[in-house]
Amino acid sequence: MNNKMIKWLFFDLGSTLIDESDCLEYRIQELLKQPHAPSRETLERRMTELASQNRLPHKDAAAEFGLEISKWPKHLEKLYEGVPELLEKLVDRYRLGIIANQSMGTEQRLVNYGIRQYFDIIMSSAEAGISKPDLKIFTAALEKAECIPENAYMIGDRLDNDIEPAAQIGMHTIWVKQASFSYGNLDLIQHKPDHTVDSITEILEYL
């Protein structure tokens, strides 16, 4: 593919630009404190199995074991190492956007992380009233960007939420195999990613 055609790069946030590993560890610890909780080994094994089915690892596992999920600890989120430097390199060649399932206040969180200035479009589910994998959130972002799908990449960690729907409407895709969804199963989606990387900074190899 000729990357000269690419005008826009759209990113997911959680487990793509934002490292949620401390948040997940907190949730696991809270699950294990509850009565009738399984062993950590059993819980983590089931989470891995669910991820390999392109399901929600901690939420679906908690439901199966009859456990209550604690509130997401946003204060434990942090950027993956190298993200600001990555965006600094990319913004010279592309326009950048966000397409993410997030609660209200996404823009302010990007300000707090020190990366708001890199993004021309922030399409967050809470503000947009549409959530991935609904194709409408992708088409809305592209319309705002005045960009056809073939001239854009979607970059994310989830095959079901990021890769499949974006590819379905004609966007190019990069699957970032970070965190829980790195166990995702390509056989369960119709549209395979154009590229697969093991960390967010590796996307530079393809852009």
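The paragraphs below set out a description of the structure included in this document. (Residues numbered from 1 in each chain as written. Predicted model: local features only at pLDDT ≥ 70, side-chain atom pairs only at ≥ 80, totals over all residues. Heavy atoms only, no water.)

## Here we look at the overall build of the protein chain
Thought 1: Of the regular secondary structure elements, the protein chain holds 8 helices and 8 strands.
Thought 2: What you see for the protein chain is a C-alpha radius of gyration of 17 Å, in line with the 17 Å of a compact globule of 207 residues.
Thought 3: Its C-alpha atoms give the protein chain principal-axis dimensions of roughly 55 × 40 × 30 Å.
Thought 4: Within the protein chain, the proportion of its 207 residues that are buried is 49%.
Thought 5: Considering only contacts in the protein chain between residues 6 or more positions apart, those separated by 24 or more positions represent 62%.
Thought 6: Carbon and sulfur atoms make up 48% of the accessible area of the protein chain, which totals about 10000 Å².
Thought 7: Looking at the protein chain, you have 23 positive and 33 negative side-chain charges, and the mean spots of the two groups are 2 Å apart. (Helix = DSSP H or I, 4+ residues; strand = E, 2+ residues; numbered from the N terminus. Rg over C-alpha atoms; globule rule 2.2 N^0.38 Å. Buried < 20%, exposed > 50% of the residue type's maximum accessible area, 1.4 Å probe, protein only. Contact = heavy atoms within 4.5 Å. Areas by Shrake-Rupley, 256 points an atom, 1.4 Å probe, with all protein chains shown as cover. Lys, Arg positive; Asp, Glu negative; His and termini not counted. Charge placed at Lys NZ, Arg CZ, Asp CG, Glu CD.)

## What to know about helix H8 (residues 159-168)
Thought 1: Within H8, 8 of the 10 residues are buried, which leaves the element mostly enclosed by the surrounding structure.
Thought 2: All of the buried residues in H8 are Leu159, Asn161, Asp162, Ile163, Glu164, Pro165, Ala166 and Ala167.
Thought 3: In the core, the buried residues of H8 are packed alongside helix H7 (135-145), strand S6 (152-156) and strand S7 (172-176).
Thought 4: Positive phi shows up at Gly170, right after H8, with a value of about 105 degrees.

## Thoughts on the pattern of salt bridges
Thought 1: This model, assessed by the stated rule, comprises 15 salt bridges.
Thought 2: Measuring nitrogen to oxygen at the nearest pair gives 2.8 Å for the salt bridge that ties Glu30 to Lys33.
Thought 3: Two residues, Glu107 and Arg116, come together in a salt bridge whose shortest N-O distance is 2.9 Å.
Thought 4: With a relative accessible area of 44%, Glu107 lands in the partly exposed category.
Thought 5: Residues joined in a network through salt bridges with shared partners are Arg46, Glu49, Arg55, Asp60 and Glu64. (Salt bridge = Lys/Arg side-chain N within 4 Å of Asp/Glu carboxyl O.)

## Structural notes on the environment of Arg116
Thought 1: Within the secondary structure, Arg116 sits in the loop between helix H5 (106-113) and strand S5 (119-124).
Thought 2: Through-space distance from the C-alpha of Arg116 to that of Thr106 is 9.7 Å; in sequence the pair is 10 residues apart.

## Thoughts on the side chain of Glu164
Thought 1: Considering the arrangement of structural elements, one finds Glu164 in helix H8.
Thought 2: For the buried Glu164, no salt bridge is present, and the opposite-charge side chain at shortest range is Lys192, 6.7 Å distant.
Thought 3: In this structure the side chain of Glu164 is engaged in a polar contact, spanning 3.1 Å, whose partner is the backbone nitrogen of Gln190.
Thought 4: Here the side chain of Glu164 touches His191 through a polar contact of 2.8 Å, landing on its backbone nitrogen.
Thought 5: When near neighbours in sequence (up to four residues on either side) are disregarded, Glu164 contacts Leu159, Ile189, Gln190 and His191. (Polar contact = N/O pair within 3.5 Å; in protein donor to acceptor, adjacent residues only side chain to side chain.)

## Comments concerning the packing of aromatic side chains
Thought 1: All told, the structure shown has 2 aromatic pairs when counted by the stated rule.
Thought 2: Centroid distance Trp8 to Phe10: 5.4 Å. Interplanar angle 10 degrees. Geometry classified as stacked.
Thought 3: Relative to Phe119, the ring of Phe11 lies with its centre 6.4 Å away and its plane at 80 degrees, an arrangement referred to as edge-to-face. Remark: Phe119 occurs in strand S5 and Phe11 occurs in strand S1 (residues 8-11); sequence separation between them is 108 residues. (Phe/Tyr/Trp six-rings, centres within 6.5 Å; stacked < 30°, edge-to-face > 60°.)

## Things to note about the pairing of S1
Thought 1: Residue alternation in S1 divides its side chains into two sets, Trp8 and Phe10 and Leu9 and Phe11, and both sets are buried.
Thought 2: Here 4 bridges tie S1 to S6, and the two strands are oriented parallel to one another. Counted as the bridge partner of Phe11 is Ile155 from S6. (Pairing = 2+ DSSP bridges.)

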